[in-house]
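What follows is the residue order along each chain.
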Amino acid sequence: MPTPRVVVVHRRTEYDDLVARHGTRGQAQFFLTSRQQDLGAVEQRHLATTAALSEVSAAVPAEWPRASVEREDLSRFVFRPEDVVVVVGQDGLVANLAKYLDGQPVIGVDPQPGANPGVLVPHQPHAVPALLAAVTGGTATILHRTMVRADTDDGQSLVALNEIYVGQPTHQSARYTLHADGQVERQSSSGLIVGTGTGATGWCLSLQRIQAPELVQPEPGERRLEWFVREPWPSPSTGASLRCGTVVDTPVTMRVESDTLVVFGDGIEDDRLTLSWGQRLSVGVAERTLATVI
């Protein structure tokens, strides 16, 4: 492959945020101490992340193009087809990134091994040189993780790596007519979640354990999704028989029957679609996948 550009994706640490908010390290320490918290633990995590970023930067050959982008700037950053992306941070940072990529390989680096689950950031900084060589040499092991996509009847769309949530932005019940697994039911619930095999270790795992322990969850690379209705309420006009299932070829669809339902992915509420009365939503397997180096 041609010489790639290495893009390092990271986010501001808790320490960075505290110092920015309070002006100095001393003021940040005073603030935390007044609340029986310790700046030392926060600073240690910051130093671990800084060290990991330095080691990753040193691993990139000097003649290769490189770029660095913070999580808050991802929506404004233009990724190139030939990019190799190195994520330094927690698993959630990979999920935040996923929708901005289209096939570029992702190397996930955990700056604090043992402190994070490490599902999407399984590598340590010292492994990056060999991983970059494997990617450029075509010998890297790539897992193409299935993603989930939501489409509205007016042309809006949203993709996510873990799951997509549909429901009220408040604690009110969402009302809609659900079409799933060849069945139709009018429902009032706390919302619908449609998740991937990657998301099966998070929110969907909690739902599966409670609502459908017999349901076999999808693998991360399997083009199959699982869906759950949160707390469906049976009444004279709404049912609760459709509670969970799987999606392969036929998406789950719904017709909205209440005001202002929202659709967002991977817990990022700021990036959402808004639905109103009569709109239709379809949630199914996305064509795009996330290429993670394992």
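Rules of the game
Residues numbered from 1 in each chain as written. Predicted model: local features only at pLDDT ≥ 70, side-chain atom pairs only at ≥ 80, totals over all residues. Heavy atoms only, no water. Helix = DSSP H or I, 4+ residues; strand = E, 2+ residues; numbered from the N terminus. Rg over C-alpha atoms; globule rule 2.2 N^0.38 Å. Buried < 20%, exposed > 50% of the residue type's maximum accessible area, 1.4 Å probe, protein only. Axes fitted to C-alpha atoms, helices over the stretch in contact; angles between N-to-C directions. Parallel < 35°, antiparallel > 145°, perpendicular 65-115°, else oblique. Contact = heavy atoms within 4.5 Å. Nonpolar A, V, L, I, M, F, W, Y, C, P; charged D, E, K, R; others polar. Arc of directions from axis to C-beta. Pairing = 2+ DSSP bridges. Lys, Arg positive; Asp, Glu negative; His and termini not counted. Salt bridge = Lys/Arg side-chain N within 4 Å of Asp/Glu carboxyl O. Polar contact = N/O pair within 3.5 Å; in protein donor to acceptor, adjacent residues only side chain to side chain.

Engineer: Where do I start with the overall build of the chain in this structure?
Structural biologist: Helix and strand content of the chain: six helices and 16 strands. Here the C-alpha atoms of the chain give a radius of gyration of 21 Å, agreeing with the 19 Å that 2.2 N^0.38 yields for 294 residues. By principal-axis analysis of the C-alpha atoms, the chain measures approximately 65 × 55 × 35 Å. Looking at the chain as a whole, 49% of its 294 residues are labelled buried.

Engineer: Is there a simple way to explain the packing of helix 1 (residues 14–22) against helix 3 (residues 39–59) in this structure?
Structural biologist: Any two packed helices are characterised by the angle at which their axes cross and by the distance between the axes. Across the interface, helix 1 lies against helix 3 with an axial gap of 8 Å and an inter-helix angle of 120°. When the interaxial angle is binned, helix 1 and helix 3 end up oblique. In contact with E14, Y15, D16 and L18 of helix 1, helix 3 contributes L39, V42, E43, R45 and H46. Class assignment for the residues of the contact of helix 1 with helix 3 results in four nonpolar, one polar and four charged.

Engineer: Sorry if this is basic, but what is going on with helix 5 (residues 128–137) here?
Structural biologist: Because each turn of an α-helix spans 3.6 residues, side chains separated by three or four positions end up pointing in the same direction. Residues of helix 5 that are buried: V128, L131, L132, A134 and V135. Mapping the buried residues of helix 5 onto a view down its axis gives an arc of 160°, with all of them on the same face. Among the exposed residues of helix 5, those pointing more than 90 degrees away from its buried face are A130 and G137. Buried positions along helix 5 lie against strand 1 (6–10), helix 3, strand 3 (84–88), strand 4 (106–109) and strand 16 (280–293). Following helix 5 by one or two positions, G138 has its phi on the positive side, about 80°.

Engineer: Please explain the sheet that holds strand 10 (residues 191–195) as it appears in this structure.
Structural biologist: In sheet architecture, strand pairing relies on hydrogen bonds along the backbone and comes in two forms, parallel and antiparallel. Spatially, the six strands line up as an open sheet ordered 12-11-10-7-14-15, and their pairing is antiparallel. Only two strands of the sheet have a single neighbouring strand rather than two, namely strand 12 (244–247) and strand 15 (272–275). With strand direction ignored, the average angle separating the axes of adjacent strands in the sheet is 15°. With four bridges joining them, strand 14 (residues 261–265) and strand 15 adopt antiparallel strand pairing. Residue pairing across strands places V263 opposite L273, the latter belonging to strand 15. Lying on the sheet, helix 6 (residues 203–211) is in contact with strand 7 (163–167), strand 10 and strand 11 (225–230); it crosses strand 11 at an angle near 65°.

Engineer: Looking at this structure, I do not really get the side chain of D91. What am I missing?
Structural biologist: Note that D91 resides in helix 4 (residues 91–98). For the buried D91, no salt bridge is present, and the opposite-charge side chain at shortest range is R145, 7.7 Å distant. Side-chain polar atoms of D91 contact the backbone nitrogen of L120, separated by 2.6 Å. Within the structure, D91 has its side chain in polar contact with the backbone nitrogen of V121 (distance 3.2 Å). Leave out the neighbours within four places in its chain, and D91 touches P117, G118, V119, L120 and V121.

Engineer: Help me understand the pattern of salt bridges, please; the structure alone is not making it clear to me.
Structural biologist: Opposite charge on two side chains makes pairing possible when the charged atoms of those side chains draw close. Scanning the model with the defined rule gives eleven salt bridges in all. Residues D73 and R76 are paired through a salt bridge, measuring 2.3 Å at the closest nitrogen-oxygen approach. Residue class for D73 comes out partly exposed when judged on its relative accessible area of 31%. Classification of R76 as exposed rests on a relative accessible area of 59%. With a shortest N-O distance of 2.8 Å, R224 and E222 are connected by a salt bridge. Take R224: its relative accessible area is 13%, and that puts it in the buried class. For E222, a relative accessible area of 29% puts it in the partly exposed group. Put simply, R186, R255 and E257 are held in one network by salt bridges that share partners.

Engineer: Just checking my understanding: could you explain the packing of helix 1 against helix 2 (residues 25–33) for this structure?
Structural biologist: Packing of helix 1 against helix 2 brings their axes to within 8 Å, and their N-to-C directions diverge by 100°. The orientation of helix 1 relative to helix 2 falls into the category roughly perpendicular. Residues Y15, L18, V19 and H22 of helix 1 form the contact with helix 2, whose own contacting residues are R25, Q27, A28, F31 and L32. Each residue belonging to the contact of helix 1 with helix 2 can be placed in one class, and the counts come to six nonpolar, two polar and one charged.

Function-wise, these values are silent; they only describe arrangement.
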